[in-house]
Amino acid sequence: MFELAGQSLQSRLIMGTALFPSPQVLCDSIKRSGAEVVTVALKRQQPNAKGGQHFWDMIKSLNCHLLPNTAGCRTAKEAITLAQLARELFGTHWIKLEVIGDDYNLQPDPFELVSAAKTLVQQGFEVFPYCTEDYVLCRRLQEVGCKILMPWAAPIGSGKGPVNWYGLTSLRQRITDVTLIVDAGIGAPSHACQVMQLGYDGVLLNSAVALAQQPDMMAEAFAKSIEAGRLAYIAGLMPEREMASPSTPLVDTPFWQQQEKTT
């Protein structure tokens, strides 16, 4: 079981809901992934907009925990206002906090992010901040009350996979008392498996599934890779070596001749 913000879950995969070719493909993908938490952006899909009600009815039919996000916000004030609106609309104190500081790589603004997180925690929100793997930023977010951090693997939608292995590895080793979920930049199931092997608690995906040729099949592939990575982390990976080491040690006497001597 996976404990996330007071909820017991079986899946460590969180699914985004944008970019899918159709609502039906979205539903099929989420069901096949086994994900129990889905994230939605209020700025991209308003419940009262044309077609919006159908979208929300469809999301509700999945019986998943809803994680609204503040995608598209550029300031702490804007993100706080959107979070408050999400709480009123959906009756949840969960919020995925995004405050973007650069349009080129969609990197979060660390100053506005910490400011917004501090206010929202004080207002009773369970804040899931989208951040980078920067250790100091993550510590600041933890200090203002965030119990969950969501560092990126690479820029949103890039599909590059982890670009700073040292940063991600060091972050997990140094911050052990909060939930760490890799968010953004994952492009292949192997990427998800690799970050789970580092000891991360979960993975959030959107583009890697939505833009696949067969999204529902890709969703299942990611679910299995995340499970495999988690099992590998628990089992403990063998240490890397700088030189070869034979798996079968060689001796001068074949084993069957050794047996003859002992008998």
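Use the structure listed above.
Residues numbered from 1 in each chain as written. Predicted model: local features only at pLDDT ≥ 70, side-chain atom pairs only at ≥ 80, totals over all residues. Heavy atoms only, no water.

Asker: Before we go on, may I ask you to explain the side chain of Thr70 in this structure?
Answerer: Note on placement: Thr70 falls in the loop between strand S5 (65-69) and helix H3 (76-90). Accessibility expressed as a relative area gives 0% for Thr70, which makes it buried. Among the polar contacts listed, one links the side chain of Thr70 to the backbone nitrogen of Glu98, at a separation of 2.7 Å. Beyond its immediate chain neighbours, meaning those up to four positions away, Thr70 contacts Ala79, Leu82, Ala83, Ile95, Lys96, Leu97 and Glu98. (Helix = DSSP H or I, 4+ residues; strand = E, 2+ residues; numbered from the N terminus. Buried < 20%, exposed > 50% of the residue type's maximum accessible area, 1.4 Å probe, protein only. Polar contact = N/O pair within 3.5 Å; in protein donor to acceptor, adjacent residues only side chain to side chain. Contact = heavy atoms within 4.5 Å.)

Asker: Which parts of the structure should I look at to understand helix H4 (residues 110-122)?
Answerer: Structural remark: α-helix, 3.6 residues per turn; residues separated by three or four positions point the same way. Between its first and last C-alpha, H4 extends 18 Å over 13 residues, near the 18 Å set by a 1.5 Å rise per residue. Taken together, the buried positions of H4 are occupied by Leu113, Val114, Ala116, Ala117 and Leu120. Angularly, the buried residues of H4 cover 165° about the axis, an arc narrow enough to put them on a single face. Within H4, the exposed residues directed more than 90 degrees away from the buried face are Phe111 and Gln122. On its buried face, H4 is in contact with H3, strand S6 (94-97), strand S7 (126-131) and helix H5 (135-143). A positive phi of about 95° marks Gly124, the residue just after H4. (Expected span 1.5 Å × (residues − 1). Arc of directions from axis to C-beta.)

Asker: Would you mind going over the nonpolar core with me for this structure?
Answerer: Across soluble globular proteins, nonpolar side chains show a tendency to be buried alongside one another. Counting residues in each nonpolar core, the largest one holds 61 residues, and the members touching the most others are Leu97, Leu141, Leu149 and Ile186. Residue contributions to this core peak at six residues, all from H3. Look past the residues within four positions of Leu141 in its chain and what remains in contact with it is Leu113, Val114, Ala117, Pro129, Cys131, Cys146 and Leu149. In terms of nonpolar packing, the next biggest core, distinct from the first, is built from 12 residues, Leu67, Met150, Ile181 and Leu204 among them. (Core = buried A, V, L, I, M, F, W, Y, C linked by side-chain atoms within 4.5 Å.)

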